[in-house]
Amino acid sequence: MHLGMSGSFRIKGEVAGRFHHARSRLSAHDHVVFRLGGTTITYNDPRRFGFMLLLPRAELADHPFFAHLGLEPLGNELSAASLAGLFRGKATSLKAALLDQRLIAGIGNIYACEALHRSGLSPFRAAGTMATKSGKPAVRAERLAQAVRAVLTEAVAAGGSSLRDHAQTNGELGYFQHTFRVYDREHAACPTPGCRGTVKRVAQNGRSTFFCPVCQT
Ligand SMILES: [Zn+2]
């Protein structure tokens with residue numbers, strides 16, 4: 001299922017969660033209704049850019065929408081070894097490699113910045129340094145794999161940073177933005193214990209990179 005620009009699910013019944021934010025309740029825009037036991041899940045989409053595919057699970061990975069996507073960062077595939085394998089020999093920056101959806105699918109700019117800060121790694125470091133010369137995962141690759149997983153897990157638990165309708169809120173997106181360590185915190189003191197650095201923002205590949213030049217090396 002793809003929500004397009006304006007799609008959302010309305011959930012009625014026992015599974016309705018704390019972070020469910022329906023964008024529209026106008027039933028004129030209800031397009032698909034799922035009934036699961038005592039729960040009704042309604043797909044609503046005023047602009048109708050969303051879409052759904054129904055296909056056997058075994059064919060999913062080869063479908064054109066998925067065939068070029070990298071590994072799932074919250075699945076079991078993400079590890080120091082897989083990072084080393086994916087990034088080995090790459091001279092591109094670590095930040096750019098993390099954002100490359102053909103390598104890992106689903107890490108956006110915010111989470112790349114946050115994961116790099118947690119792992120103490122510079123966004124400008126060559127991605128290839130996640131592997132040793134012999135191709136084994138470097139110790140820092142383990143730190144990065146753990147940081148990516150931790151940041152995404154916490155963000156999901158906090159309702160993400162983008163689950164709410166942009167039009168309804170003044171930048172308030174879920175709750176995870178309250179735990180940002182570097183993202184959107186330019187000039188703030190670095191939150192790493194014992195670090196006396198200040199968060200900096202630079203443009204990197206057309207995106208804002210927030211980082212601490214002192215403890216991220
Ligand atoms: Zn720092």
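Residues numbered from 1 in each chain as written. Predicted model: local features only at pLDDT ≥ 70, side-chain atom pairs only at ≥ 80, totals over all residues. Heavy atoms only, no water.

A. Focus on the environment of A138. You can see A138 is positioned in the loop between α4 (109-119) and α5 (139-157). Under the relative-accessibility criterion, A138 is labelled buried at 9%. Along the sequence, A138 and A84 sit 54 residues apart, while their C-alpha atoms lie 7.3 Å from each other. With residues near it in sequence (within four places) discarded, A138 still touches T129, M130, A131 and T132. (Helix = DSSP H or I, 4+ residues; strand = E, 2+ residues; numbered from the N terminus. Buried < 20%, exposed > 50% of the residue type's maximum accessible area, 1.4 Å probe, protein only. Contact = heavy atoms within 4.5 Å.)

B. Up close: helix α2 (residues 80-87). Residues A80, S82, L83, A84 and F87 constitute the buried set of α2. Where α2 is buried, its residues touch α3 (94-99) and α5. Taken from the residues just after α2, G89 is the one with a positive phi, measuring 80 degrees.

C. Here's a closer look at the coordination of the zinc ion. Only C190 (SG), C195 (SG), C212 (SG) and C215 (SG) from the protein coordinate the zinc ion, and they sit 2.2 to 2.3 Å from it. Counting gaps between the donor residues of the zinc ion yields the pattern C-x4-C-x16-C-x2-C. You can see C195 sitting in the loop between α5 and β4 (200-204) and its partner C212 sitting in the segment after β5 (207-211), a full 17 residues away along the chain. Summarising the burial analysis for this pair, C195 and C212 share the class buried. (Donors = N, O, S within 2.8 Å, 3.2 Å for Na, K, Ca; no water.)

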